[in-house]
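# A look at the structure
The primary structure of each chain is shown beneath.
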Amino acid sequence: QVQLVESGGGLVQPGGSLRLSCAASGSIFSHNMGWYRQAPGKERELVATITSAGNTNYADSAKGRFTISRDNAKSTVYLQMNSLKPEDTAVYCCNAAWILRGARYNTWGQGTQVTVSS
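In this report, we go over the structure that sits alongside the text. (Residues numbered from 1 in each chain as written. Predicted model: local features only at pLDDT ≥ 70, side-chain atom pairs only at ≥ 80, totals over all residues. Heavy atoms only, no water.)

### Description of the overall build of the protein
Test applied: Segments assigned H or I by DSSP are reported as helices when at least four residues long, segments assigned E as strands when at least two residues long, and all are numbered from the N terminus. Our radius of gyration is a C-alpha quantity, and the globule rule it is checked against amounts to 2.2 Å times the number of residues to the power 0.38. Classification of residues uses two cut-offs on accessible area relative to the type maximum, computed with a 1.4 Å probe and protein chains only: under 20% is buried, over 50% is exposed, and between them is partly exposed. Here, residues are in contact when the closest pair of their heavy atoms is within 4.5 Å.
Scanning the protein from terminus to terminus reveals zero helices and 11 strands. Going from the N terminus to the C terminus, the protein shows its helices and strands as β-β-β-β-β-β-β-β-β-β-β. Here the C-alpha radius of gyration of the protein, 14 Å, is about what a compact globule of 118 residues would show, namely 13 Å. Its C-alpha atoms put the protein at 50 × 25 × 25 Å along the principal axes. By the burial criterion, 42% of the 118 residues in the protein qualify as buried. The long-range fraction of contacts in the protein, counting pairs at least 24 apart against all pairs at least 6 apart in sequence, stands at 54%.

Have a look at this one:
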């Protein structure tokens, strides 16, 4: 089971950009990866996913502003976030999902805080 460590969060002004990274402890070649976020008082929501084949999916709130990508050689997934808004403020967590011997598994990172404020 891989372990995930997120980085790249911080404080940014509205309209700014951040790039989040999710580093895995092992190979993610066959894993579907995703970024999720949870704002205070709200449920966790999907931001973007990328399959092992490189197919991507975005929440409506992320379309046109965020880009998810992966570098299997580095076992790392990225989330490039542009045109950030105050409502993007949340803890962003990385998820890895895979199938092994017919069973489904997934694991989460600890998360990284993103705060968008002037």
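### A closer look at the pattern of salt bridges
The condition that has to hold: Criterion for a salt bridge: a side-chain nitrogen of Lys or Arg within 4 Å of a carboxyl oxygen of Asp or Glu.
Per the counting criterion, the structure on display carries four salt bridges. A salt bridge links Asp60 to Lys63, with the shortest nitrogen-to-oxygen separation between them at 3.2 Å. Note on Asp60: relative accessible area 64%, which makes it exposed. Arg65 is the salt-bridge partner of Asp88, the closest N and O atoms lying 2.7 Å from each other. Taken together, the positions of Asp88 in the loop between β8 (76–81) and β9 (90–100) and Arg65 in the loop between β6 (56–58) and β7 (66–71) put the pair 23 residues apart, joining distant regions of the chain. Like Asp88, the residue Arg65 is buried in the burial classification.

### Examining the state of the cysteines
How we decide: Here, a disulfide means two cysteine sulfur atoms that sit within 2.5 Å of each other.
Counted by the stated rule, this structure contains one disulfide. At a sulfur-sulfur separation of 2.1 Å, the disulfide partner of Cys22 is Cys94. Given an S-S torsion of about -85°, the disulfide between Cys22 and Cys94 has left-handed geometry. Taken together, the residues span a long stretch of sequence, with Cys22 in strand β3 (residues 18–24) and Cys94 in strand β9 at a distance of 72 residues. Like Cys94, Cys22 is buried. Cys94 supplies the cysteine sulfur nearest to Cys93, a cysteine that is in no disulfide, at a spacing of 8.7 Å.

### Digging into the packing of aromatic side chains
Our working rule: In this scheme Phe, Tyr and Trp rings, the latter by its six-membered ring, pair at centre separations within 6.5 Å, and the angle between planes marks the pair as stacked below 30 degrees, edge-to-face above 60, and tilted otherwise.
Scanning the model with the defined rule gives two aromatic pairs in all. A ring pair is formed by Tyr36 and Trp108, whose centres lie 5.0 Å apart and whose planes are at 70°; its orientation type is edge-to-face. On the criterion of sequence distance, the pair formed by Tyr36 in strand β4 (residues 32–38) and Trp108 in strand β10 (residues 103–108) is long-range, its members being 72 residues apart. Overall, the relative accessible area of 29% leaves Trp108 in the partly exposed class. For the ring pair Trp98 and Tyr105, a centre distance of 5.9 Å and an interplane angle of 15° mean the geometry is stacked.

### Let's talk about the sheet that holds β7
How we decide: The rule for pairing is simple: two strands pair if DSSP sees at least two bridges between them. Every axis in this analysis is a line fitted to C-alpha atoms, fitted for helices over the stretch in contact. Angles between the N-to-C directions lie between 0 and 180 degrees.
Strand order in this open sheet of four strands is β1-β3-β8-β7, and the pairing throughout is antiparallel. Of all strands in the sheet, those with a lone pairing partner are β1 (4–7) and β7, marking the two edges. Within the sheet, the average angular offset between the axes of one strand and its neighbour, ignoring direction, is 15°. Relative to β3, β1 runs antiparallel, the two being bridged by four bridges. Along β3, the bridge assignment pairs Ser7 with Ser21.

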